[in-house]
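Chain by chain, the residues run as shown.
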Amino acid sequence: MRPPNGSPPALPVGAAWRSGQDLLGYPQRLAALEGRLQQSHADALDQAAHLRSRAERLSSKDEGSDLVVRYGADAAMLETRAASMRRVMGLVWRSRAILVLRAHVAITARARPDLDGLPGADVPEAQLQRAAGRYEDAAERVRAYVIHVESRLADLAVAVPPPPSEAELDGDDRAAVRAEQARARETYIALQNRMDRLADTLSYLADRCLTRQVVQRTNQGVDGLAGSEGILEEVSEALAALGDLAELGDRQLADTAMDNLAEDISQLEQAGLDVQAEAEASLEIERLLEQFPGRQ
């Protein structure tokens, strides 16, 4: 049976889905791009140092040699490209950190208890005891989930990956990551409070069923769970909100943005399109983040 009041059916509950492998794949791919950039950056600086050493030796023989000028120009080109790579590394790290935090929230939401099949408003008298048990069991599972959310909140402090030592970060990069971390923290606090209320609500519904059973045994009569419609709607809305947190972004568009980002960084590594590739990489990072909107 579906949850009351038409709330969405349960989402897939496979181990891979619960652990967020689909979501974590994106920051993992960004980590791989960081590694490529780090290696290319080191190679560029090593080669630039080699060229300048050659130029210095030649200059000791003939300071005006055309080769000295050429060596210097090639070394300067490599150093410029290395500087561009440092800026792109900063962009990639910022994007990876934000995606890690958004995935953290989604994975927490995916760990929610399965509350599919809760009783609705019209519980037959003969099933009141069973319905009360189901509501109370659901309440206990939600309380256990509140404890899980609390542990995930504590884990936020160490969730952000450290930036590469070579990355060039400005205040905006660090501020964006801090703001995302603060949003995730606020989401968890709100989630704790909402799930705590949900557990209390489910316990009330259990008690309501038992109350109805007692009243009916004394032949006083009571209309089902009359007056509880708003409470059942609150349960439905809480479950729907968890489903929204668990599902982030358009996977196909995110895949396209990731592929384009990898292509732009390859241009930066392999061709002399430093400024263009840096600008395009920045654009693709923004497109990627747009596919995984932050949730309050």
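Since we're looking at a predicted model, the values are computed, not measured.

## Remarks on the nonpolar core
With 35 residues, the main nonpolar core has Leu115, Tyr135, Leu191, Met195, Leu198 and Leu202 as its most contacted residues. Elements with a minimum of two residues in this core: helix 3 (66-110), helix 4 (128-155), helix 5 (171-217) and helix 6 (229-246). Once residues lying within four places of it in the same chain are set aside, the contact partners of leucine 191 are Tyr145, Val149, Leu242 and Leu245.

## Regarding the packing of helix 3 against helix 4
Contact geometry of helix 3 with helix 4 gives a least axis separation of 10 Å together with a crossing angle of 165°. As summarised for this structure, helix 3 and helix 4 are arranged roughly antiparallel, according to the angle between their axes. Along this stretch, helix 3 crosses helix 4, giving a crossing that reads as right-handed. Of the residues in helix 4, those touching helix 3 at His104, Ile107, Thr108 and Ala109 are Tyr145, His148, Val149, Arg152 and Asp155. Its residues assigned to classes, the contact of helix 3 with helix 4 shows four nonpolar, three polar and two charged.

## A look at empty space enclosed by the protein
Tallying each qualifying case throughout the model produces two cavities of 30 Å³ or more. Of the voids in this model, the second largest cavity is the one considered here, and its volume is about 30 Å³. Taken together, Leu23, Tyr26, Leu99, Arg102, Ala103 and Phe292 make up the full set of residues lining the second largest cavity. For the lining of the second largest cavity, the elements supplying multiple residues, two or more each, are helix 2 (21-61) and helix 3. Of the residues forming the lining of the second largest cavity, the biggest block, three residues, is contributed by helix 3. Split into classes, the residues belonging to the lining of the second largest cavity amount to five nonpolar, no polar and one charged.

## Notes on the pattern of salt bridges
What the rule picks out here adds up to eleven salt bridges. A salt bridge links aspartate 173 to arginine 94; the shortest N-O distance between them is 3.2 Å. One end of the pair, aspartate 173, is in helix 5; the other, arginine 94, is in helix 3, with 79 residues separating them in the sequence. Taken as a pair, aspartate 173 and arginine 94 share a single burial class, namely buried. Residues arginine 183 and glutamate 180 are paired through a salt bridge, measuring 2.5 Å at the closest nitrogen-oxygen approach. Taken together, the residues arginine 183 and glutamate 180, both in helix 5 and three residues apart, mark about one turn of the helix.

## Quick notes on helix 3
The first and last C-alpha atoms of helix 3 sit 65 Å apart over 45 residues, in line with the 66 Å expected at 1.5 Å per residue. The N-cap residue of helix 3 is serine 65: its side-chain oxygen and the backbone nitrogen of leucine 67 are 3.1 Å apart.

## Regarding helix 4
Here helix 4 is 28 residues long and its end C-alpha atoms lie 41 Å apart, about the 40 Å a rise of 1.5 Å per residue gives. For helix 4, the set of buried residues is Leu128, Ala131, Ala132, Tyr135, Ala138, Ala139, Val142, Tyr145, Val146, Val149, Arg152 and Leu153.

## Here's the deal with the side chain of histidine 104
Examined against the element boundaries, histidine 104 turns out to sit in helix 3. Residue classification places histidine 104 among the buried residues on the basis of a relative accessible area of 6%. When sequence neighbours within four positions are dropped, the list of residues in contact with histidine 104 reads Arg152, Asp155, Leu156, Ala159 and Tyr188.

Rules used in this analysis
Residues numbered from 1 in each chain as written. Predicted model: local features only at pLDDT ≥ 70, side-chain atom pairs only at ≥ 80, totals over all residues. Heavy atoms only, no water. Core = buried A, V, L, I, M, F, W, Y, C linked by side-chain atoms within 4.5 Å. Buried < 20%, exposed > 50% of the residue type's maximum accessible area, 1.4 Å probe, protein only. Helix = DSSP H or I, 4+ residues; strand = E, 2+ residues; numbered from the N terminus. Contact = heavy atoms within 4.5 Å. Axes fitted to C-alpha atoms, helices over the stretch in contact; angles between N-to-C directions. Parallel < 35°, antiparallel > 145°, perpendicular 65-115°, else oblique. Left-handed = near helix turned anticlockwise from the far one by under 90°. Nonpolar A, V, L, I, M, F, W, Y, C, P; charged D, E, K, R; others polar. 1 Å grid on protein atoms, 1.4 Å probe; cavity = no way out; pocket = protein on both sides within 12 Å on 5 of 7 lines; lining within 4 Å. Points joined across faces, edges and corners; volume = space filled by probe spheres on them. Salt bridge = Lys/Arg side-chain N within 4 Å of Asp/Glu carboxyl O. Expected span 1.5 Å × (residues − 1). Polar contact = N/O pair within 3.5 Å; in protein donor to acceptor, adjacent residues only side chain to side chain.

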